[in-house]
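Each chain, letter by letter, is given below.
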Amino acid sequence: MSSSRLIEINHFYSQILDNSRNIFIYLPPSYETDAGQRYPVLYMQDGQHAFYKDRKGESWDVHKTVDRLIAEGRMREIIIVAVAHIEDARIAEYMHENPYGHRVFDTTNQGELYEEFLVREVKPYIDREYRTLPDQEHTALMGSSAGGLVSYNIGFRRSETFGMIGALCPFFASVDLRTMEDRWLSRVYTEKKALRIWMDVGDAEGFTVMEKHVRHVADTLIGAGYRPGDDFMYYYAVNSGHSQKDWAARVHAPLLYFFGRLGTPVRVDLHGPEAVGIEGPRRTLNPVVHYDSGFMMTDLNACYEVSDHELLDVTADGKLQPKKEGETTVRYRNGSLTAELAVAVVPSVSETVTVQAFVKVPASTPPTAALYAGIELPMIREGLYGGTFEVPRDMSFEFRISRGLGMHETDRQGREILYRKFTAKDGLVLNYEVENWVDAAPVSEQR
């Protein structure tokens, strides 16, 4: 039986951007043996991590997922074009002009030029050199974080070219941690286009990408006429942070949505708060529906039953509306699938809680003004970082302690360690110790 193949194009030059980058191409198993076959195409951002890992990040292993889904008969064969970013230009190229005027990053936005590069240089080359189905109905664009944002923008600006958009953890807004101001980085589109959209966010991303921003865009899309569960899929991923391992764990879902069969719902898990305040932050339920294909999504058009409507109401999109103090049960129902959640309605719940976090680092640590441990931690003194912070209640963080991109903690021998995680509760005190850094020699060699 034929197998899939990976091709690397080195130093693909762009006249539009006046720079060069690598492009990685996945050809499906039948490509070499069925010369008359043409294939849909998925274009991916941050392409160096689509199939491979490096010091700056893990791999999505998309080729392995696609191979498996094809072998299982769950999706059709496709071509994948993974376009690498240029490290120093990534943020600039992934950011379109910002109508809100926020200049969070010290750069000039070049998203419009990057868009032209994909549409006028990369796609024509791929359509010329490979047996593609070039129409928009068979062309998808996908990325994560800033790559998810640029995919969203290009999708709405170029819906005649791209008919499917995957925006994983899209970086719609940056939060100023001093003032807690939401600084939006993109226009939020309010018009309906001929697009099928997958959008998701993890529940342990901390301030990096916040669910409230992604959900606002999702609600806007629904208001524009997109139908949840049809031409719009939303997923609030449980126990998921902001890294390649998280996107690798769920990339099968947008692949099935775009190119495969979803299958049949077999289970629902109802997630939500144990308590909601009559006064305080608004809370939302997260009914995750699982399918026999492995597909999963959050149902934003659900049927709920509340045992005591005097205490609480729930809208179809899961928003809790507390009315009176007490305890009640919310039941989700979807055909034969049901799930329940006990919810207490209390007088008030505070928006934020106080968290203390401290990190000790080895003497070999290069000088740095701050570390990142879910929260930015300033230096207290040499070898110790941390402080006291006001954090949104129940916000979860999954992370490795780092000094910046590609400079995260390891064990003493330089080997990768598990991600750390915490959920913000009032009075939480965190004490961490870093053994070594990925860009440092093993401890034994430092002596």
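Definitions and limits used
- Residues numbered from 1 in each chain as written.
- Predicted model: local features only at pLDDT ≥ 70, side-chain atom pairs only at ≥ 80, totals over all residues.
- Heavy atoms only, no water.
- Helix = DSSP H or I, 4+ residues; strand = E, 2+ residues; numbered from the N terminus.
- Buried < 20%, exposed > 50% of the residue type's maximum accessible area, 1.4 Å probe, protein only.
- Contact = heavy atoms within 4.5 Å.
- Phe/Tyr/Trp six-rings, centres within 6.5 Å; stacked < 30°, edge-to-face > 60°.
- Arc of directions from axis to C-beta.

**Student:** Just to check I follow, could you spell out the side chain of lysine 123 for this structure?
**Tutor:** Mapped onto the elements, lysine 123 comes out in helix α3 (residues 111-129). Judged by its relative accessible area of 7%, lysine 123 is buried. Setting aside anything within four residues of it in sequence, one finds lysine 123 in contact with Tyr43, Leu118, Pro134, Thr139 and Thr161.

**Student:** Please clarify how the packing of aromatic side chains should be interpreted in this entry.
**Tutor:** For any pair of aromatic rings, geometry is given as the distance between the ring centres together with the angle between the planes. Here the structure, examined in full by the defined rule, presents 28 aromatic pairs. Look at tyrosine 31 and tyrosine 39: their rings are 5.6 Å apart centre to centre, the planes differ by 35°, and that puts the pair in the tilted class. Tyrosine 39 sits in the buried class, given a relative accessible area of 0%. Here a set of aromatic residues connected by ring pairs shows up, and it is made of Tyr152, Phe156, Phe172, Trp184, Tyr189 and Tyr226.

**Student:** In this structure, what is going on with unusual backbone geometry? I would like to understand it.
**Tutor:** Trans is the common state for peptide bonds, and a negative phi is the common state for residues other than glycine. For aspartate 18, which is not a glycine, the phi torsion comes out positive at approximately 55°. Phi angles above zero are rare outside glycine, and aspartate 61 is one such case at about 50°. Along the chain, the position of aspartate 61 falls in the loop between β3 (41-44) and α1 (62-71). Residue aspartate 61 is classed as partly exposed on the basis of its relative accessible area of 25%.

**Student:** Any chance you could explain α1 here in plain terms?
**Tutor:** Along an α-helix, residues three or four apart share an orientation, since each turn contains 3.6 residues. Looking only at α1, the buried set comprises Val62, His63, Thr65, Val66, Leu69 and Ile70. The buried residues of α1 occupy an angular sector of 160° when the element is viewed end-on, so they sit on one face. In α1, the exposed residues that point more than 90 degrees away from the buried face are Lys64 and Ala71. For α1, the elements touching its buried residues are β1 (5-14), β2 (19-27), β3, β4 (79-83) and α7 (252-259). Trailing α1 by a residue or two, glycine 73 shows a phi angle of about 75°, which is positive.

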